[in-house]
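What follows is each chain in one-letter form.
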Amino acid sequence: MKIAQIQTADGQSLYATPVDNKWYGCEGDLHSGWTQTETRIEPHRFLPPVQPTVIIGIGLNYRAHAEEVGKPLPDFPVVFFKNLSAVNGHGQPIVLPRHLKSDAVDYEVELAVIIGKTAKNVPEEKALEYVAGYAVANDVSARDWQNIYGGGQWSRAKSFDTFCPLGPVMVTADEIPDPNILPLRMTLNGEVVQDSNTSDQIFTVQQLITFLSGSTTLLPGTVILTGTPPGVGAGKNPPVYLKAGDRLQAEIEGIGSLQNDVIEEAP
Ligand code: ZN
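Conventions we followed
Residues numbered from 1 in each chain as written. Predicted model: local features only at pLDDT ≥ 70, side-chain atom pairs only at ≥ 80, totals over all residues. Heavy atoms only, no water. Helix = DSSP H or I, 4+ residues; strand = E, 2+ residues; numbered from the N terminus. Polar contact = N/O pair within 3.5 Å; in protein donor to acceptor, adjacent residues only side chain to side chain. Contact = heavy atoms within 4.5 Å. Salt bridge = Lys/Arg side-chain N within 4 Å of Asp/Glu carboxyl O. Buried < 20%, exposed > 50% of the residue type's maximum accessible area, 1.4 Å probe, protein only.

Concerning the side chain of Thr 226
Structurally, Thr 226 is set in the loop between β17 (222-225) and β18 (247-252). Of the polar contacts made by the side chain of Thr 226, one reaches the backbone oxygen of Leu 111; its length is 2.8 Å. Here Gln 201 takes part through its side chain, which lies 3.1 Å from a polar atom of the side chain of Thr 226. With near-sequence residues (within four places) excluded, Thr 226 lies in contact with Ile 58, Asn 61, Tyr 62, Glu 110, Leu 111, Val 113, Gln 201 and Leu 208.

As for the environment of Lys 82
Inspection of the secondary structure puts Lys 82 in strand β7 (residues 78-82). Taking the C-alpha atoms as reference, Lys 82 lies 8.9 Å from Asp 139; in sequence the two are 57 residues apart. Excluding its chain neighbours within four sequence positions, the residues that come into contact with Lys 82 are Ile 55, Asp 139, Val 140, Lys 158, Ser 159, Phe 163, Cys 164 and Leu 225. At 2.5 Å, the side chain of Lys 82 and the side chain of Asp 139 are in polar contact. In this structure the side chain of Lys 82 is engaged in a polar contact, spanning 2.9 Å, whose partner is the backbone oxygen of Lys 158.

So, the pattern of salt bridges
A full pass over the atoms with the stated rule returns twelve salt bridges. Among the ionic pairs, Glu 108 bridges to Arg 143, the shortest N-O distance being 2.8 Å. On the criterion of sequence distance, the pair formed by Glu 108 in the loop between β10 (105-106) and β11 (109-115) and Arg 143 in helix α2 (residues 143-147) is long-range, its members being 35 residues apart. Accessibility assignment for this pair places Glu 108 and Arg 143 in one class, buried. One salt bridge in this structure joins Asp 261 and Arg 247, with 2.7 Å as the shortest N-O distance. Separated by 14 residues along the polypeptide, Asp 261 in strand β19 (residues 256-264) and Arg 247 in strand β18 bring together distant segments of the chain. Judged by its relative accessible area of 28%, Asp 261 falls in the partly exposed class.

Printed below as a string of structure tokens:
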């Protein structure tokens, strides 16, 4: 089942599912799952399909991406956090920071894994039982704050407002028996810039859940961004960074297509 969180024109936030290009209401939550109702919903605005309780990012999880940014392959998953207020919906703008300024904002298409129940010390063979669903994410990153001004830490660079588009839907885990074979791509202004498959990940979804839940409780609503394939703007020569007017479309086959336009922060 595909689950979106939709804001209607009168400001209500409702769960909804698409059926034959129309949207119907859904009742439920991460804990119980969802059931469709007969109520038609007119989307006014897409919210993220879930409100994360934490956003955990994984760096350098595709071999070819580690090579393009000149970093050695990691022995363990590289972990960082994104601020919850960075979360952003389908169709909403990505805002280039202009108060705390960045001139090197970049895109990263990623498979997002949404944890549905409390997980701790989970073995790999049981890891997928803890997944509520999957979504498309864009791990927007300010490369100057990541690599020059961040003191070696990545969270500042990845936590500006609007830097975590997610959606438009979450696909429930029963529809994705193997998350490690999903084609994913990013287009920038209609040109394909990232084109890969989650099979190129160094650490599988199961391995990430086992590692992240080791001696650590993962709460329901934990969103894991599983890393990005090659083709980011920072890897081009010269680098190509986002500018106002750009349009990004992040897609994962069987999950969805997440579109966001780029604007400047208001002065
Ligand atoms: Zn990333």
